[in-house]
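# Structural overview for review
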Amino acid sequence: MLEVKNINQFYGGSQILRDVSLSAAMGACSVLLGRNGVGKTTLLKCLMGVLPVKSGQIFLDGKDITTLKPYVRASLGMAYVPQGREIFSRLTVEENILMGLAVVKGKAASRIPDDIFEMFPVLAEMLHRRGGDLSGGQQQQLAIARALVSRPKLLILDEPTEGIQPSIIKDIERVIKMLAQRGEMAILLVEQYYDFAEALADHYMVMSRGQIVKNGLGKAMQADNIRNFVAL
Ligand SMILES: Nc1ncnc2c1ncn2[C@@H]1O[C@H](COP(=O)(O)OP(=O)(O)OP(=O)(O)O)[C@@H](O)[C@H]1O
Ligand SMILES: [Mg+2]
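Residues numbered from 1 in each chain as written. Chains lettered and ligands numbered in written order. Predicted model: local features only at pLDDT ≥ 70, side-chain atom pairs only at ≥ 80, totals over all residues. Heavy atoms only, no water.

## Let's talk about the side chain of Gln192
With respect to the secondary-structure elements, Gln192 resides in the loop between strand 8 (186–191) and helix 8 (194–200). Reaching out from Gln192, the side chain makes a polar contact with the side chain of Asn36 at a distance of 2.7 Å. At 3.2 Å, the side chain of Gln192 and the side chain of Glu159 are in polar contact. (Helix = DSSP H or I, 4+ residues; strand = E, 2+ residues; numbered from the N terminus. Polar contact = N/O pair within 3.5 Å; in protein donor to acceptor, adjacent residues only side chain to side chain.)

Written out as structure tokens, the structure reads:
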């Protein structure tokens, strides 16, 4: 589904990503772990086209998307849940979710699919509240819902557990697991919370100083001592 080949990226003179290659397969959850500041978010911004890459290539379904604009990538089936959620705090929950339909054409563009509220019942209860009135965990669920309404082929999540209460982390874990098992999308999850990452990973990668330094099967994470590579 997603294939990344030898990405290099710089902020000014400092190199942030070094020859990053990775892939994310359909029906699987691929997890990228790494400590603060190693370049995880920078990589995701490059994948979405928010930041240009200096060199390297990004393929979606075999198509080279390296130079496409972010909205084109979204219309091709890429959805992004940014770090810190970035929901619209003055819009209602419903309006926030509808924003996710901006890239959808035709009849499906005006209706929120029912399964969104099955995944996140709290959003149905809070439909007419402002995004800013929700708790951090509810906002994270809203950000994921906004990404899912466009029926993406690739769902990219940047640290969805950051600053969120444990009960909601469990709810989000169940939803991501179900989405991976459904087999209709590839999931690329960036995380620092080890237990959550291990519970979800079919495949893992570890980033350190802009490089992928280790990777393997999710079920080998414990044996490979991956907990030592992250802060938690
Ligand atoms: N807009 C920017 N301009 C210059 N440097 C930046 C910019 N954004 C990030 N950086 C630097 O690039 C490096 C990688 O940052 P990035 O946000 O990708 O890390 P991260 O792995 O996502 O960290 P975290 O776990 O804290 O979210 C850091 O040293 C950071 O200070
Ligand atoms: Mg980050």
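Back to the text.
## Focus on the packing of aromatic side chains
By convention here, two paired aromatic rings are described through the distance between centres and the angle between planes. The full count for this structure, using the stated rule, is 1 aromatic pair. Taking 6.4 Å as the distance between ring centres and 5° as the angle between the ring planes, the aromatic pair formed by Tyr193 and Phe196 counts as stacked. Residue classification places Tyr193 among the partly exposed residues on the basis of a relative accessible area of 28%. Sitting over the face of the ring of Phe10, Lys54 holds its NZ or CZ atom 6.0 Å from the ring centroid. (Phe/Tyr/Trp six-rings, centres within 6.5 Å; stacked < 30°, edge-to-face > 60°. Buried < 20%, exposed > 50% of the residue type's maximum accessible area, 1.4 Å probe, protein only. Lys NZ or Arg CZ within 6 Å of the ring centre and 35° of its normal.)

## Observations regarding the site of ligand 1
Neighbouring residues of ligand 1: 13 residues in total, closest Gly37, Lys40, Thr41, Thr42 and Gln83. At a separation of 3.2 Å, an oxygen atom of ligand 1 approaches a polar side-chain atom of Asn36. Residue Gln192 places a side-chain N or O atom 2.9 Å away from an oxygen atom belonging to ligand 1. In isolation ligand 1 offers 630 Å² of accessible surface; the protein chains occlude 57% of this area. If you tally residues by element for the shell around ligand 1, the top one is helix 1 (residues 40–48), at 3 residues. Grouping the constituent residues of the shell around ligand 1 by class yields 3 nonpolar, 7 polar and 3 charged. (Near = heavy atom within 4 Å. Areas by Shrake-Rupley, 256 points an atom, 1.4 Å probe, with all protein chains shown as cover. Nonpolar A, V, L, I, M, F, W, Y, C, P; charged D, E, K, R; others polar.)

## Digging into the coordination of the magnesium ion (ligand 2)
Listed as protein donors to the magnesium ion (ligand 2) are Thr41 (OG1) and Gln83 (OE1); their distances from the metal cover 1.9 to 2.2 Å. With a gap of 42 residues between them, Thr41 in helix 1 and Gln83 in the loop between strand 6 (78–81) and helix 3 (93–99) connect regions that are remote in the sequence. (Donors = N, O, S within 2.8 Å, 3.2 Å for Na, K, Ca; no water.)

## Quick word on the sheet that holds strand 4 (residues 55–60)
The sheet built from 4 strands is open, its strands ordered 2-1-4-5 with antiparallel pairing. Two strands in the sheet have a free side with no partner beyond their single neighbour: strand 2 (14–24) and strand 5 (63–64). Of the pairings in the sheet, the one linking strand 1 (residues 2–11) to strand 2 comprises 7 bridges and is antiparallel in character. Its bridge partner being in strand 2, Glu3 is matched across the sheet by Ser23. Running at roughly 65° to strand 2, helix 1 makes contact with strand 1, strand 2 and strand 4 of the sheet. (Pairing = 2+ DSSP bridges. Contact = heavy atoms within 4.5 Å. Axes fitted to C-alpha atoms, helices over the stretch in contact; angles between N-to-C directions.)

## Here's the deal with the pairing of strand 4
Bridge count for strand 1 against strand 4 is 5 bridges, and the pairing is antiparallel. When the sheet's bridge partners are listed, Val4 is paired in strand 4 with Ile58. Note: strand 4 against strand 5, 2 bridges, orientation antiparallel. Following the sheet pairing, Phe59 is matched in strand 5 by Asp64. The turn linking strand 4 back onto strand 5 is made up of 2 residues, and Asp61 within it adopts a positive phi angle of 55°.

## Things to note about the nonpolar core
Counting 48 residues, the largest nonpolar core has Leu123, Leu148, Leu155 and Ile187 as the members making the most contacts within it. Ranked by residues supplied to this core, first place goes to helix 7 (residues 166–182) with 7 residues. The contact partners of Leu123, leaving out residues within four places of it in the chain, are Val93, Ile97, Phe117, Leu134, Gln138, Gln141, Leu142 and Ala145. (Core = buried A, V, L, I, M, F, W, Y, C linked by side-chain atoms within 4.5 Å.)

## Details of unusual backbone geometry
The general pattern is negative phi for most residues beyond glycine and trans for most peptide bonds. Although it is not a glycine, Asn6 adopts a positive phi angle of roughly 50°. Summarising the element assignment, Asn6 is placed in strand 1. Residue classification places Asn6 among the partly exposed residues on the basis of a relative accessible area of 40%. Residue Asp19 is not a glycine yet carries a positive backbone phi of 50°. Relative to the helices and strands, Asp19 is located in strand 2.

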